[in-house]
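# Tertiary structure, described
Each chain, written out:
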2 protein chains.
Amino acid sequence: MSDPKTDTGRPRRKNMRAAEREKLIVEEAVRFFAESGFEGQTRELAKRMGVSHAVIYRHFDSKDALIERVYDHVYLKRWNPEWEQLILDRDRPLQERLTQFYVAYAERVFDYDWVRLFVSSGLKSYGLTERYLDIIRTRIIEPAAQELRESRGGPEAPPPSDTPPAEEVELFWGLHGAVFYIAIRKYVYNIPLEINVEATVRATVANFFEGVLHGTRQTNRQEF
Amino acid sequence: MSDPKTDTGRPRRKNMRAAEREKLIVEEAVRFFAESGFEGQTRELAKRMGVSHAVIYRHFDSKDALIERVYDHVYLKRWNPEWEQLILDRDRPLQERLTQFYVAYAERVFDYDWVRLFVSSGLKSYGLTERYLDIIRTRIIEPAAQELRESRGGPEAPPPSDTPPAEEVELFWGLHGAVFYIAIRKYVYNIPLEINVEATVRATVANFFEGVLHGTRQTNRQEF
DNA sequence: TAGATAAGTGACCAATCGGTCATTTGTGTT
DNA sequence: AACACAAATGACCGATTGGTCACTTATCTA
C-alpha cells in the first residue's frame, strides 16, 4: 500500500538507535504502567511497540530498572523550581501567589499518567511518594504557613520562629488535598468531571483564603 | 504447654466449621489485599492462616469471588444511613451538621484496610469506587450544597431548583477532598501524621465555612 | 560491496500463578 | 467404637511471569 520510506508513521520493524529505542520504551512504559499498574507484563508492553519483549531487556537490566526510569521521567521533570520563589514573593498577596502556584501545578501534574503512577507507587511504598511530598512540604506548605502566620498576626502576634506553625501547616495541607482530590476523582476514581479545572482551583484557593483571613481564630482551633 | 481446648489463640490446624472458616478467610483477606494489593497470591494469604491454599477454593469459587466478599465486608458495612438525615436536619446549623458528619465519617473510614482497598480498587476500576462515590455525592455533597444555597441566599436569591447548584457542589467536593486527603497521606503515602485527626477535621470544616459564609460571592467565582 | 557491529527475534527456562482433585484427617452422631 | 460426612492436604495442571541466549537481520563503515 504505502512505501515504507514515505510512511510517516512509526518506521516498521526497522532497527532503531539505542538511545531512540530507550526513549521510546520509557515513554510507552509510562502510559502502560499508568494503565495496568506495575504488575503489567513486559510482553504486553513490548507488543504495543510492535517488538519482542527481549528488546526491553537489551536496554534495561530488569523490569525494576525500567520502573526506576519511568519514575525519573514522570516526576523529576515536572517540578518547576521557580515555584519555590513564587511562594516567598512578598510583592504580591499570599492568596495571589498560591492561586498562581496551584493553577500552574494543576496544569503540569493533573494528567492521567502522572496521577495514577503517583498513587500506584504510593501503595507500593517504594519511598518515592514520601520523597516527593517532602518537597511539597518544605518548599510550598511550610513556607506558605510561615507567610500566613507572619502576615495575619497583628503586632501582638508571636514572633516568627524557625519551626513552621503546626496549625497553619495542617490548614495548607487541607488546601493541597482539596486541590489534588480533583485529580484523584478524575484519574483514580474515573469520575467524569465536566468542570473547568482552572476555575475550580481558583475558587478553592479563594474560598480557603476567605476562611483563613476573615474567620475568627478563637473558635474551633484550640485543640490542635 | 497449653491445652488446645483452653488455648484462646487460633485453634491449631484443627478443622473449622464452614461459616467460621469463611469469616476468617475474609477477615484475613481484607488485611492481606490492603497490604499487597489484589495481585497478592492466595498461597501467601493461606499461609498466614496456617492452612493450604486449597482451603480458600473450597469456600470461594475463585479469587475474584473472594475479592467481591472483601468489598462487601469492608465497604457496605461502614455506611451509616443516619448520616443522610443528619445532613438535612435544619434544626441545627449546616456547619454543625457537616462537622458531626466528617468527624463520624473519619472515625469509621480512616483505617488502613479501608483506605488502601478503596484506592486500589479505584485504580483497577471495577466500577466499585464509582458506585460508592455516587452515594457520597447524592446523599452528602449535593444535599449539603442545596442546603447552603438555600440558607445563604437572601430573599433575592434564585429559587431552589431540583438540580443541585454546580458551584456549591464543587466547593463541597473540595471540602471532602481536604478531609479525605488526610487519610490518603497517612495510609497511601505513608506519611507519619502526629496530628489529632478529629481536631484537624473540625478545623478544616470550620475554615471551609468561614470562607463560604463570610466570603464575597462575587469575586473569583464567576468562571464556574 | 563486504565485513563488522549493533538491533531484534523466537525459542527456552525456572519460578509463580489460579485452580483442581484424589486422598487423608478430623469431628459430630449413633 | 464405628460410621458418615465435612474439612484439610499436597501433589498436580496449564498458563503466565521475568529473564536469557544463540541466532538472524538490519545498518554503518571501510
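Residues numbered from 1 in each chain as written. Chains lettered and ligands numbered in written order. Predicted model: local features only at pLDDT ≥ 70, side-chain atom pairs only at ≥ 80, totals over all residues. Heavy atoms only, no water.

### Considering the overall build of chain A
Test applied: Only DSSP runs of H or I covering at least 4 residues are called helices, and only runs of E covering at least 2 are called strands; the numbering of each starts at the N terminus. Each residue is assigned to one of three classes by its accessible area relative to the maximum for its type, calculated with a 1.4 Å probe on protein chains only: buried under 20%, partly exposed between the two thresholds, exposed over 50%. In this analysis, two residues are considered to be in contact whenever any of their non-hydrogen atoms come within 4.5 Å of each other. The Shrake-Rupley method, run with a 1.4 Å probe sphere, supplies the accessible areas, and residue values consider only the shown protein chains as cover.
Summing up its helical and strand segments, chain A has 10 helices and 0 strands in all. Secondary structure elements in chain A, listed N-terminal to C-terminal, are α-α-α-α-α-α-α-α-α-α. Across the 224 residues of chain A, 48% fall into the buried class. Taking contacts inside chain A between residues at least 6 apart in sequence as the whole, the part at least 24 apart equals 67%. Counting every atom, chain A has about 11,700 Å² of accessible surface; 48% of that belongs to carbon and sulfur.

### Points about the relation of the copies chain A and chain B
Inclusion rule: The copies were overlaid with a least-squares fit restricted to C-alpha atoms from residues scoring a pLDDT of at least 70 in each copy.
In screw terms, the move from chain A to chain B is a rotation of 180° and a rise of 0.0 Å along the axis, fitting with an RMSD of 0.1 Å. Both chain copies can therefore be described as sitting about a two-fold axis. Measuring from the rotation axis to each C-alpha of chain A, the shortest distance belongs to Gly211(A), at 1.7 Å. Taken as a fraction of all interface residues of chain A, those also at the interface in chain B reach 100%, which identifies the copy contact as same-surface.

### Some details on helix α8 (residues 128-152) of chain A
As a reminder of what qualifies: In this scheme, a helix's expected span is set at 1.5 Å multiplied by one less than its residue total. The bend at a residue is defined as the angle formed between two axes, one fitted to the seven residues ending at that residue and one fitted to the seven starting there.
Helix length check: α8(A) (25 residues) gives 35 Å between terminal C-alpha atoms against 36 Å at 1.5 Å per residue, within 8%. Of all the bends in α8(A), the greatest, near 40°, is centred on Arg137(A).

### What to know about the protein's contact with DNA strand C
Using the following cut-off: When at least one non-hydrogen atom of a residue lies within 4 Å of a molecule or strand, that residue is treated as near it. Throughout this description, a polar contact denotes any pair of N or O atoms lying within 3.5 Å of each other; where both atoms belong to protein, one of them has to be capable of donating a hydrogen while the other can accept it, and for residues adjacent in sequence the pair is counted only when both atoms sit in side chains. Side-chain classes follow a simple rule in which Ala, Val, Leu, Ile, Met, Phe, Trp, Tyr, Cys and Pro form the nonpolar group, Asp, Glu, Lys and Arg form the charged group, and the remainder, Gly included, forms the polar group.
In the vicinity of DNA strand C, 26 residues are found, and the nearest of them are Arg58(A), Arg17(B), Gln41(B), Arg43(B) and Lys63(B). The contact atoms of DNA strand C, taken as those within 4 Å of the protein, divide so that sugar and phosphate hold 62%. Here Asn15(A) contributes a side-chain N or O atom positioned 3.3 Å from a sugar or linking oxygen of DNA strand C. Within the backbone of Ala18(A), a nitrogen or oxygen atom sits 2.9 Å from a phosphate oxygen of DNA strand C. Elements with a contribution of two residues or more to the surface near DNA strand C: α1 (18-36) and α3 (54-59) of chain A together with α2 (42-49) and α3 (54-59) of chain B. By residue number, the principal contributor to the surface near DNA strand C is α3(A), which donates 4 residues. In the surface near DNA strand C, the residues fall into 7 nonpolar, 9 polar and 10 charged.

### Concerning the protein's contact with DNA strand D
Neighbouring residues of DNA strand D: 27 residues in total, closest Arg17(A), Gln41(A), Arg43(A), Lys63(A) and Ser52(B). Within 4 Å of the protein, the atoms of DNA strand D are drawn from sugar and phosphate moieties in a proportion of 62%. Gly40(A) is positioned such that a nitrogen or oxygen atom in its backbone is 3.5 Å from a phosphate oxygen of DNA strand D. Contact distances for DNA strand D include 3.1 Å between a base nitrogen and a side-chain N or O atom of His53(A). Of all elements in the fold, only α2 (42-49) and α3 of chain A together with α1 (18-36) and α3 of chain B reach the threshold of two or more residues within the surface near DNA strand D. Here the surface near DNA strand D takes 4 residues from α3(B), the largest share from any one element. In terms of residue class, the surface near DNA strand D is built from 7 nonpolar, 10 polar and 10 charged.

### Considerations on the side chain of Arg21(A)
Along the chain, Arg21(A) turns up in helix α1. Not counting the four nearest positions on each side in its chain, Arg21(A) is found in contact with Lys14(A), Met16(A), Val51(A), Val55(A) and His59(A).

### Details of the side chain of Ser120(B)
With respect to the helices and strands, Ser120(B) occurs in helix α7 (residues 112-124). When residues no more than four places from it in sequence are discounted, the contact partners of Ser120(B) are Leu123(A) and Phe38(B).

### Structural notes on unusual backbone geometry
All names here are of chain B. Even without a glycine there, the phi angle at Ser125 is positive, about 50°. Classification of Ser125 as partly exposed rests on a relative accessible area of 39%. Residue Asn190 is not a glycine yet carries a positive backbone phi of 60°. Here Asn190 is to be found in the loop between α9 (166-188) and α10 (197-214). Judged by relative accessible area, which is 28%, Asn190 ranks as partly exposed.

### Some thoughts on the interface of chain A and chain B
Many analyses report the size of an interface as the accessible area lost when the parts associate. Quick note on the threshold: Reported buried area values correspond to the accessible surface (1.4 Å probe) lost by two parts on association, with both partners' losses combined. The rule for a salt bridge is simple: a side-chain nitrogen of Lys or Arg has to be within 4 Å of a carboxyl oxygen of Asp or Glu.
Tallying the contact residues gives 49 residues for chain A and 49 residues for chain B. Buried area between chain A and chain B, both sides added, is near 4,200 Å², and the carbon and sulfur share of it is 57%. When the buried area of chain A at its contact with chain B is split by residue, Leu123(A), Tyr181(A) and Tyr189(A) rank highest and sum to 17% of it. At the junction of chain A and chain B, the tally comes to 4 salt bridges. Glu39(B) is paired through a salt bridge with Lys124(A); the nearest N and O atoms lie 2.3 Å apart. Run the count over chain A and chain B and you get 8 residue pairs in polar contact (both at pLDDT 80 or more). Of all the elements in the fold, those that place two or more residues in the side of chain A that touches chain B are α7 (112-124), α8, α9 (166-188) and α10 (197-214) of chain A. It is α9(A) that contributes the most residues to the side of chain A that touches chain B, 12 residues altogether.

### Some words on the pattern of salt bridges
Taken as a whole, this structure holds 34 salt bridges over all chains when the rule is applied. Glu96(A) is the partner of Arg92(A) in a salt bridge, and the nearest nitrogen-oxygen pair spans 2.9 Å. Among the salt bridges present, the one from Glu170(B) reaches Arg185(A), with a minimum N-O distance of 2.8 Å. Residue Glu170(B) is located in helix α9, and its partner Arg185(A) is located in helix α9; the two belong to separate chains. For Arg185(A), a relative accessible area of 3% translates into the label buried. Overlapping salt bridges bring together Glu28(A), Arg31(A), Glu35(A), Arg48(A) and Asp113(A) as one network.

### Here we look at the confidence of the model for chain A
Residues and elements named next belong to chain A. So the rule is basically this: pLDDT measures the predictor's confidence residue by residue and takes values from 0 up to 100.
Overall, the predicted model of chain A reaches an average pLDDT of 88, with 86% of residues at or above 70. Long-range and interchain partners of residues 1-12, a stretch whose pLDDT sits below 50, account for 3 contacts in this model, where long-range means more than four residues apart. The model gives residues 218-224 a pLDDT under 50, and that stretch makes 18 contacts with residues more than four places away or in other chains.

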